[in-house]
Amino acid sequence: MSKKKGRVFSGARPTGRQHLGNYLGAIRNYVELQAEYDCVYCIVDLHAMTTLDQLHRIRLNTAEMALDWLAAGLRPEETILFVQSHVPQVTELHTILSMFTPLGKLTDLPTFKDKVRLQPQNINYGLVGYPVLMTADITLYKADVVPVGVDQESHLEFAREVVRTFHYRTGRQVLIEPQMKNTEFPKVLGTDGKRKMGKSEDNQIELALTPKETEKVVRTMVTDPQRQRRDDPGDPDVCNVFTLHKSFSSSDDISMIDRECRKAGIGCVDCKNLLAKRLNEHLQPFRERRSELAKDPQYVWEVLEDGARRATIVAAETIAEVKAAAGLT
Ligand code: ADP
């Protein structure tokens, strides 16, 4: 890989078809980072196993997600796009790094406590070790930089600590201590206008919908709850339809809605129809590319296989250095 400003690593669990939240909160940034960094993007299927009870969905979800990423502009000829479990060295590094990780630190993490609360019937061993596996993901591919939102900062700080402990105890500086690239990730609300857009909330707008499906789902969006009738003035500042307009519509549209909604000059139905139109315009090139790529179901697996091959070259080098440092030769 040619060196740009450094190497970025990011992973996401295979959640299937991507929605506007994934797009605005992650994918758009993934695409932009390619201009400045060597990028390694991983579909973290092992992480998914800690929470997913429908294991049979992993394969399909992986293919759908990779297809969305590629259609959105990830360039596999320069970016490494692969599946976590296709490079088994990550489990080896995870085991080694786990010996340098105090258990109390893991069980104290707020994210672990959240998971315990959310799935008391499935507090598995992998759930505790999740941040160690994440540290292995980042360090195995010699990433310099990891894009993180505020809620993920503690995980990256954790990874940095594990690296420092490894270096201190082995006396060898073989891993890269990853830097945070703080990015303002918007929190996109779902069609209910209340909760974060997400599959589990069933409030998502998928990128790959048809224009008609997009119109239909946008029509179900909850607007300003105070606005009961067409003639009531609305408050765009509390309306998620307006928030999405800010990401997909022109500045003229945005100021028109801002002005007209407040004096009931535009109704919610008109406003939603305009949003659906703008979304369909914005997503048209993505959708065309996606259908083109989907014509060959093998293509996406070939990309992921090639990504795993390139990722393995870096992984093999790192694991050899780590084992030598840890005395495992
Ligand atoms: P993961 O569990 O790997 O975070 P998700 O599908 O929840 O998988 O998220 C993948 C990426 O998309 C993450 O970077 C996440 O922050 C982003 N994302 C997901 N939903 C939203 C949302 N509603 N608003 C903003 N970003 C989101």
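Bear in mind the structure is a predicted one, so any value in this text is a computation, not a measurement.

**Student:** What exactly am I supposed to notice about the overall build of the chain here?
**Tutor:** Along the chain, the regular secondary structure elements total 13 helices and 5 strands. Taking 2.2 N^0.38 as the reference for a compact globule, 329 residues should give roughly 20 Å; the C-alpha atoms of the chain span a radius of gyration of 22 Å, in line with that estimate. Projected onto the principal axes, the alpha-carbon positions of the chain cover approximately 75 × 45 × 40 Å. Across the 329 residues that make up the chain, the buried fraction comes to 50%. For the chain, the share of sequence-separated contacts (at least 6 apart) that also reach a separation of at least 24 residues comes to 78%. Counting every atom, the chain has about 16300 Å² of accessible surface; 53% of that belongs to carbon and sulfur.

**Student:** Which parts of the structure should I look at to understand the domain arrangement of the chain?
**Tutor:** Where interface size is given, it is often the accessible area lost as the parts come together that is meant. What the domain assignment lists for the chain is domain 1 (7-188 + 297-325) and domain 2 (199-290). Of note, the centres of domain 1 and domain 2, computed from C-alpha atoms alone, are 33 Å apart. Counting residues at the interface gives 15 residues for domain 1, matched by 15 residues for domain 2. Carbon and sulfur atoms make up 60% of the area that domain 1 and domain 2 hide from each other, which totals about 1400 Å². Among the residues domain 1 hides against domain 2, the three largest losses belong to Arg 17, Leu 20 and Ala 71. Together they make up 42% of the total. The residue Asp 68 makes a salt bridge to Arg 290 at a minimum N-O spacing of 2.5 Å. Inspection of the domain 1/domain 2 interface yields 8 residue pairs in polar contact (both at pLDDT 80 or more). Those elements that place two or more of their residues in the side of domain 1 that touches domain 2 are α1 (20-33) and α3 (57-72).

**Student:** Would you take a moment to explain the site of the ligand for this structure?
**Tutor:** Taken together, 13 residues lie around the ligand, and Arg 13, Pro 186, Val 188, Lys 196 and Met 197 are the ones closest in. Separating an oxygen atom of the ligand from a side-chain N or O atom of Thr 15 is a distance of 3.5 Å. Contact with the protein chains covers 78% of the free accessible surface of the ligand, which is 530 Å². Of the residues forming the shell around the ligand, the biggest block, 4 residues, is contributed by α1. A class-by-class count of the residues in the shell around the ligand yields 5 nonpolar, 5 polar and 3 charged.

**Student:** Before we go on, may I ask you to explain the side chain of Thr 79 in this structure?
**Tutor:** Its location among the elements puts Thr 79 in the loop between α3 and β3 (80-83). We classify Thr 79 as buried; its relative accessible area is 1%. If we skip the residues at most four places from it in the chain, Thr 79 touches Gln 34, Cys 39, Tyr 41 and Arg 310.

**Student:** I'm lost on α1 in this one. Help?
**Tutor:** An α-helix turns once per 3.6 residues; consequently, residues spaced three or four apart project the same way. Its 14 residues place the ends of α1 19 Å apart at the C-alpha level, agreeing with the 20 Å of an ideal helix rising 1.5 Å per residue. Counting buried positions along α1 gives 10 out of 14 residues, so the element sits mostly inside the fold. Along α1, the residues that are buried comprise Leu 20, Gly 21, Asn 22, Tyr 23, Leu 24, Gly 25, Ile 27, Asn 29, Tyr 30 and Leu 33.

**Student:** Just checking my understanding: could you explain the pattern of salt bridges for this structure?
**Tutor:** A pair can form between side chains of opposite charge whenever their charged atoms are brought close. Tallying each qualifying case throughout the model produces 32 salt bridges. Between Lys 142 and Glu 321 there is a salt bridge, with its nearest N and O atoms 2.9 Å apart. With Lys 142 in the loop between α7 (125-140) and β4 (145-148) and Glu 321 in helix α13 (residues 297-325), this pair connects stretches of sequence that are 179 residues apart. Residue Glu 321 is classed as partly exposed on the basis of its relative accessible area of 28%. Between Lys 212 and Glu 215 there is a salt bridge whose closest N-O contact spans 3.7 Å. You can see Lys 212 and its partner Glu 215 sitting in helix α9 (residues 211-219), 3 residues apart, about one turn around the helix. With a relative accessible area of 62%, Lys 212 lands in the exposed category. Through salt bridges with shared partners, a single ionic network connects Arg 17, Glu 64, Asp 68, Glu 206 and Arg 290.

**Student:** Is there a simple way to think about the environment of Pro 178 in this case?
**Tutor:** Among the structural elements, Pro 178 can be located in the loop between α8 (153-170) and β5 (179-182). With 171 residues separating them along the chain, Pro 178 and Arg 7 place their C-alpha atoms 9.7 Å apart. The contact partners of Pro 178, leaving out residues within four places of it in the chain, are Ile 138, Ala 143, Asp 144, Val 146, Leu 156, Arg 160 and Val 163.

Criteria and thresholds
- Residues numbered from 1 in each chain as written.
- Predicted model: local features only at pLDDT ≥ 70, side-chain atom pairs only at ≥ 80, totals over all residues.
- Heavy atoms only, no water.
- Helix = DSSP H or I, 4+ residues; strand = E, 2+ residues; numbered from the N terminus.
- Rg over C-alpha atoms; globule rule 2.2 N^0.38 Å.
- Buried < 20%, exposed > 50% of the residue type's maximum accessible area, 1.4 Å probe, protein only.
- Contact = heavy atoms within 4.5 Å.
- Areas by Shrake-Rupley, 256 points an atom, 1.4 Å probe, with all protein chains shown as cover.
- Domains from an automatic or database assignment.
- Buried area = accessible area lost by both parts, 1.4 Å probe.
- Salt bridge = Lys/Arg side-chain N within 4 Å of Asp/Glu carboxyl O.
- Polar contact = N/O pair within 3.5 Å; in protein donor to acceptor, adjacent residues only side chain to side chain.
- Near = heavy atom within 4 Å.
- Nonpolar A, V, L, I, M, F, W, Y, C, P; charged D, E, K, R; others polar.
- Expected span 1.5 Å × (residues − 1).

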